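Working through the structure, step by step
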Amino acid sequence: MPGGLLNELEWDVIPPTPHPAHMHMALDEVLLERVIGGKRRPALRIWEWIEPALVIGSHQSVINEVDSVAARELGFVVTRRMSGGGTMLCEPGRTITYSLYLPESAVAGITFRKSYALLDGWAVRSFVELGIPAEYREINDIISPRGKIAGAAQARRRGFVLHHTTIAHSMDIELVPRLIRIGRPNIAAIGVRSADKPVSPLSWFTSLSCADVAQSLVRSFSKEFRTHQSSATPAELEAARQLVSTKYGTPAWVNRLP
């Protein structure tokens, strides 16, 4: 089977749910901890964006990555995730993000580099079924012949994996160099820089809306794996709100130097 050991797991599926940007970051940590603690099955969560956001990686410096003047003018929230990788531009109705929370044993015997392709393989197959010419490019990109469709990042904690992927459904590609300081000189001496890669949104290849593609991903995942319909519980949502107030929504976290 294409999913390897992933097919042996039973998964909770949390369908597209709207939250502010910092809340999405906090939910990733909360749900990963719930899976680590055995309080929830391995899970897929589809994010729904309700505000424009620039999501920087855990090892990046905001001052190197973000044009703060342009971000303020254009109304983009700057937030930091717990995983590595580069900065992602996310917009309501134009961006799809999903997270996977699973035991590291499900990718045992596979190199860290190869685990990205394994964990995103179902999404690539879903896009191909929609007629989108998608394939994987190591280490962490879903691409078309015209450029990057999606990028993934991971965090590993106590034998478990958080893997999340952000997909451009539609995008004004001229916004990227305005908001993200790709190719501009460093301001801070430390921090991983984002790579300069041309973007090719899904809307170049399909007439399906962003919401329709998100639902198609849910159906594809549920067809390929053993799944249970789920949602974030009130306790999980409250824990995430607490993390927003103490961590993800604070300047100390967002602007920290890695």
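Here's the deal with helix H6 (residues 210-224)
For H6, built from 15 residues, the straight-helix expectation of 21 Å at 1.5 Å per residue is met to within 8% by its first-to-last C-alpha distance of 21 Å. Restricting attention to buried positions, one finds in H6 the residues Cys210, Val213, Ala214, Ser216, Leu217, Val218, Ser220 and Phe221. Structurally, H6 contributes buried residues whose contacts are with strand S1 (10-19), strand S2 (43-49), strand S6 (95-103), helix H4 (112-129), strand S10 (160-168) and strand S11 (226-229).

Some remarks on the nonpolar core
Ranked by internal contacts, the top residues of the largest apolar core, which has 46 residues, are Trp49, Leu54, Leu89 and Leu179. Counting residues per element, this core draws most heavily on helix H1 (residues 21-36), at ten residues. In contact with tryptophan 49, other than residues within four places in its own chain, are Ala21, His24, Met25, Val55, Cys90, Glu91, Pro92, Thr95 and Thr97. With 36 residues, the next largest nonpolar core counts Val107, Ile149, Val161 and Cys210 among its residues.

Things to note about the packing of aromatic side chains
Here the structure, examined in full by the defined rule, presents eight aromatic pairs. Their ring planes at 85° and their centres at 5.3 Å tell us that tryptophan 11 and phenylalanine 221 sit as a pair that is edge-to-face. Within this pair, whereas tryptophan 11 is found in strand S1, its partner phenylalanine 221 is found in helix H6, the two being separated by 210 residues in sequence. What makes tryptophan 11 buried here is its relative accessible area of 1%. Here phenylalanine 221 falls in the buried class, since its relative accessible area comes to 1%. Between tyrosine 98 and tryptophan 122, the ring centres sit 4.9 Å apart and the planes meet at 55°, which makes this aromatic pair tilted. With a gap of 24 residues between them, tyrosine 98 in strand S6 and tryptophan 122 in helix H4 connect regions that are remote in the sequence. Of the two residues, tyrosine 98 and tryptophan 122, neither departs from the other in class, the shared state being buried. Put simply, the rings of Trp11, Tyr98, Trp122, Phe221 and Phe225 touch in pairs and so form one group of aromatic residues.

Focus on unusual backbone geometry
The linkage connecting glutamate 138 with the following residue, isoleucine 139, adopts the cis geometry, with an omega of 10°. One non-glycine residue, arginine 158, lies in the positive phi region at around 50°. Within the fold, arginine 158 resides in the loop between strand S9 (147-157) and S10.

Digging into the sheet that holds S1
Spatial strand order, S7-S8-S9-S10-S6-S2-S1-S11: eight strands in an open sheet with mixed pairing. Two strands lie at the open edges of the sheet, namely strand S7 (135-137) and S11, each paired on one side alone. Taken pair by pair, the neighbouring strands of this sheet meet at an average axis angle of 25°, ignoring direction. Direction of pairing for S9 relative to S10: antiparallel, over a ladder of eight bridges. Opposite alanine 155, over in S10, you have leucine 162 as the bridge partner. Running at roughly 170° to S2, H1 makes contact with S1, S2, S6, S9 and S10 of the sheet. In the packing of H4 onto the sheet, the strands contacted are S2, S6, S7, strand S8 (141-144), S9 and S10, and the crossing angle to S9 comes to about 130°.

Conventions adopted
- Residues numbered from 1 in each chain as written.
- Predicted model: local features only at pLDDT ≥ 70, side-chain atom pairs only at ≥ 80, totals over all residues.
- Heavy atoms only, no water.
- Helix = DSSP H or I, 4+ residues; strand = E, 2+ residues; numbered from the N terminus.
- Expected span 1.5 Å × (residues − 1).
- Buried < 20%, exposed > 50% of the residue type's maximum accessible area, 1.4 Å probe, protein only.
- Contact = heavy atoms within 4.5 Å.
- Core = buried A, V, L, I, M, F, W, Y, C linked by side-chain atoms within 4.5 Å.
- Phe/Tyr/Trp six-rings, centres within 6.5 Å; stacked < 30°, edge-to-face > 60°.
- Pairing = 2+ DSSP bridges.
- Axes fitted to C-alpha atoms, helices over the stretch in contact; angles between N-to-C directions.

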